[in-house]
Amino acid sequence: MIINQLSVFVENRPGTLAEVLGVLNAHEINMRAMALADTADFGILRIIVNEPEKVQHILRGAGFTVKATPVLAILVTDYPGSLFEQLNKLSAAGVNVEYVYAFAANSSEKARVVLKVDNLTLAERLINGESQKSEPYRDELGSAPDFYW
Amino acid sequence: MNTYWNKPAETMEREEMTSLQTGRLKEIVDRLYRQQPFYRSKMQAEGLLPEDVATLEDIRKLPFTTKQDMRDNYPYGLFAVPMSEIVRIHASSGTTGRPTVVGYTKRDIGIWSEVAARSLVAAGLSRQSCIQVAYGYGLFTGGLGIHYGAELLGASVIPISSGNTARQIMLMKDFGTTALACTPSYALYLAETMREMGIDPRETSLKVGVFGAEPWSERMRQEIESQLGIRAIDIYGLSEIIGPGVAIECCVQDGLHISEDHFYPEIINPVTGEVLPDGEKGELVITTLTKEGMPMIRYRTRDLTVLHREKCACGRTLVRMSKVLGRSDDMLIIRGVNVFPSQVESVLLSIGETSPHYQLIVDRKDNLDHLTVLVEITEAMFSDEVRGLEHLEGKIKAELASVLNVSATVRLVGPKTIERSEGKAKRVIDNRKI
């Protein structure tokens, strides 16, 4: 499914990551996933949270530069070649993966994988089978669920 | 919109202006020689008598006056009238060394109000305007200079002074301010704060801004005009000469008209002191033709500009100076190359994605100068991808290298990490111990 990931600009100096985490803590926001890409001067912190819009607003208010980026989240079963099977569909269709990070699922058999791809809706259709819709995830009442999974 | 405050003075024929200036120059040189020990001894050292200055060109025989002369004669050594005649004392906003003190007679204050009123009218203000003066009041000349000019004009003045940004915005909204006077960097800070407060800066009743006290680029003007939805007018002045109102942009926005019936301008080569012809870039030197309290003979302003005398579409015949291009003393020499903060600013603004909050840091490592340019990241420039941000850094670096002819390290920093100033922006930190 397509979800909104938040990317936060963090300077590469001691304490900047803790500053972001401190803001999230103060607002009792739980991160579902996190990845940090860094260079010599700066890093980009990517996080998955509930209610990304609200969290974006909070972080902005605290003085951070934040961007919401749609990414593809997929479930991968715990057996050899499982991720390959999924990604192979994308590569066969010419979809480019810009970055990937993975984190554990609640169950012991599955892992969650976040992919930033250049053609999001196509990638989602490929993963789910052509018949699936490519709208951002909503529950039956049309609102974002408590948790993404 | 050809309106003038003092049409005869502002549209005087060249010949008439030259004769007026010559008469006033002779008068002031004569008076200073007779009454002012500092100028007399300077003239005597050059073997000059007052009658040696008979034409405007003869002004070149007179030595320059510098900020150092003011420091050496601190506090009142350059005053040319008894203290009983002095009705106001200001001190320069200069931040290095002793303050430079200036004194005004009652007539000086009148002239200052007159040139400030001319300036405001040229900027498009009228009796109907409501001007918020957000320059500092006090020893700094910005606040009171504009204030007196606006009062003489008959506009409504909100003398709020500098600082307290949230209150500035509240009054601007509630009082229906139509004109704003402050530093250009503060104008952008106000716009930024308005947006944070959920106010669209374009929806205020502001029509015009009169911005000065620091050099700013054409790009920065475009930025201010689009962010605030106003016309941004450059005003020039310095306390040593009189304060704001020495020169002003008209509605044509192509150079600042100098009130040359009061202030005689020259452009010199800042290194050799040689006088340069019109159209050539150099340091502005001003002689006050009418000031009583503390006249200035050939004062080296350290501001770099160009003089133009072609006819202006606004109808004013007063000589125009280009927007100040930098400071001859603000200039950094990095590995032998002259670098001005204003060049960095125009590069950042031409890239289009950056806010003008930046800082230059110069260090010397192993006897080699290193220039680092800190650039605050904005939402518009922020990319989710590392290579996107690296590309942006590379782009800024390449542009800077081509404009400055010196390579700089570009470092993107978080928003609001560069110190904000409510007065002049601190653009340069020079850590070199030379």
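To start, this report covers the structure provided alongside it. (Residues numbered from 1 in each chain as written. Chains lettered and ligands numbered in written order. Predicted model: local features only at pLDDT ≥ 70, side-chain atom pairs only at ≥ 80, totals over all residues. Heavy atoms only, no water.)

**Regarding the overall build of chain A**
No. 1: Each helix and strand counted, chain A has four helices and six strands in total.
No. 2: For chain A, the sequential pattern of α-helices and β-strands runs β-α-β-β-α-β-α-β-β-α.
No. 3: Of the contacts formed within chain A by residues at least 6 apart in sequence, a portion of 65% connects residues at least 24 apart.
No. 4: Just so you have it, chain A exposes about 7900 Å², and 50% of that area is on carbon and sulfur atoms. (Helix = DSSP H or I, 4+ residues; strand = E, 2+ residues; numbered from the N terminus. Contact = heavy atoms within 4.5 Å. Areas by Shrake-Rupley, 256 points an atom, 1.4 Å probe, with all protein chains shown as cover.)

**Quick look at helix 1 (residues 16-26) of chain A**
Residues and elements named next belong to chain A.
No. 1: Of all the residues in helix 1, the buried ones are Thr16, Val20, Val23 and Leu24. The buried residues of helix 1 occupy an angular sector of 100 degrees when projected down its axis, which confines them to one face. In helix 1, the exposed positions angled more than 90 degrees off the buried face are occupied by Ala18, Asn25 and Ala26.
No. 2: Positioned one or two residues after helix 1, Glu28 has a phi angle of 50 degrees, which is positive. (Buried < 20%, exposed > 50% of the residue type's maximum accessible area, 1.4 Å probe, protein only. Arc of directions from axis to C-beta.)

**A short note on the sheet that holds strand 9 (residues 256-258) of chain B**
All names here are of chain B.
No. 1: If you trace the nine strands from one edge of the open sheet to the other, you get 4-3-5-6-7-8-9-14-13, paired in mixed fashion. The sheet is open, and its two edges are formed by strand 4 (156-158) and strand 13 (307-308), each paired on a single side.
No. 2: The pairing of strand 8 (residues 243-249) with strand 9 spans three bridges and is antiparallel. Of the residues in strand 9, the one forming a bridge with Ile248 is His257.
No. 3: Seen against the sheet, helix 5 (residues 106-122) touches strand 3 (130-133), strand 6 (208-211), strand 7 (231-238) and strand 8 and runs at an angle of roughly 30 degrees to strand 8.
No. 4: This element, helix 8 (residues 184-196), spans strand 5 (179-182) and strand 6 of the sheet and lies at about 125 degrees to strand 5. (Pairing = 2+ DSSP bridges. Axes fitted to C-alpha atoms, helices over the stretch in contact; angles between N-to-C directions.)

**Looking at unusual backbone geometry**
A negative phi angle is the norm for most residues apart from glycine, just as the trans form is the norm for most peptide bonds.
All names here are of chain B.
No. 1: The omega torsion across Tyr74 and Pro75 is -5 degrees, close enough to zero to call that bond cis.
No. 2: With phi around 70 degrees, Arg302 is a residue other than glycine that occupies positive phi space.
No. 3: Checked against the element boundaries, Arg302 lands in strand 12 (residues 299-305).
No. 4: Positive phi is not limited to glycine here, since Lys416 has a value of about 65 degrees.
No. 5: Topologically, Lys416 is positioned in the loop between strand 20 (408-413) and strand 21 (428-430).

**A closer look at the interface of chain B and chain A**
How big an interface is tends to be expressed through the accessible area that disappears when the partners come together.
No. 1: Facing the 19 residues of chain B at the interface are 22 residues of chain A.
No. 2: Taken together, the two surfaces of chain B and chain A that pack against each other cover about 1700 Å², and 55% of this comes from carbon and sulfur.
No. 3: A per-residue breakdown of the area chain B buries against chain A is headed by Glu379(B), Phe382(B) and Asp384(B), which together make up 43% of the total.
No. 4: Counting across the chain B and chain A interface gives five salt bridges.
No. 5: Joining chain B to chain A, the criterion identifies ten residue pairs in polar contact (both at pLDDT 80 or more).
No. 6: When residues of the side of chain B that touches chain A are traced back to their parent elements, those giving at least two are helix 11 (386-404) and strand 20 of chain B.
No. 7: Sort the elements by how many residues they give to the side of chain B that touches chain A and helix 11 of chain B lands first, with five residues.
No. 8: Residues that form the side of chain B that touches chain A fall into these classes: eight nonpolar, four polar and seven charged. (Buried area = accessible area lost by both parts, 1.4 Å probe. Salt bridge = Lys/Arg side-chain N within 4 Å of Asp/Glu carboxyl O. Polar contact = N/O pair within 3.5 Å; in protein donor to acceptor, adjacent residues only side chain to side chain. Nonpolar A, V, L, I, M, F, W, Y, C, P; charged D, E, K, R; others polar.)

**Side note on the nonpolar core**
Soluble globular proteins tend to bury their nonpolar side chains together.
All names here are of chain B.
No. 1: Grouped together as the largest cluster of nonpolar side chains are 49 residues, with contacts concentrated most on Tyr236 and Met321.
No. 2: By residue number, the principal contributor to this core is helix 2 (residues 14-35), which donates five residues.
No. 3: Within the second largest apolar cluster, 31 residues are counted, among which are Leu332, Tyr358, Leu360 and Leu404. (Core = buried A, V, L, I, M, F, W, Y, C linked by side-chain atoms within 4.5 Å.)

**A look at the pairing of strand 10 (residues 263-268) of chain B**
No. 1: Counted residue by residue, strand 10 of chain B has six buried out of six residues, so it is predominantly covered.
No. 2: Burial of the side chains of strand 10 of chain B extends over both faces: Phe263(B), Pro265(B) and Ile267(B) are buried on one face and Tyr264(B), Glu266(B) and Ile268(B) on the other.

**Description of helix 4 (residues 120-128) of chain A**
Residue and element names in this part refer to chain A.
No. 1: Listed as buried for helix 4 are Leu120, Ala123, Glu124, Leu126 and Ile127. The arc that holds every buried residue of helix 4, seen down its axis, measures 160 degrees, which confines them to one face.
No. 2: Buried-residue contacts for helix 4 involve strand 1 (2-11), strand 4 (66-77), helix 3 (82-92) and strand 6 (110-117).
No. 3: The backbone nitrogen of Leu122 has a side-chain oxygen 3.2 Å away, supplied by the residue at the start of helix 4, namely Asn119.
No. 4: At the exit of helix 4 stands Gly129, carrying a positive phi of roughly 95 degrees.

**Section: the sheet that holds strand 21 of chain B**
Residues and elements named next belong to chain B.
No. 1: The mixed open sheet is built from four strands, whose spatial order is 20-19-18-21. Each edge of the open sheet carries a strand with a single partner, namely strand 20 and strand 21. Averaged over all pairs of adjacent strands, the angle between their axes in this sheet comes to 20 degrees, without regard to strand direction.
No. 2: Examined bridge by bridge, strand 19 (residues 368-376) and strand 20 share six bridges and lie parallel to one another. The partner of Glu376 across the bridge, within strand 20, is Val413.
No. 3: Each of strand 18 (358-365), strand 19 and strand 21 is contacted by helix 10 (residues 341-351), which is oriented at about 125 degrees to strand 18, the strand it contacts most.

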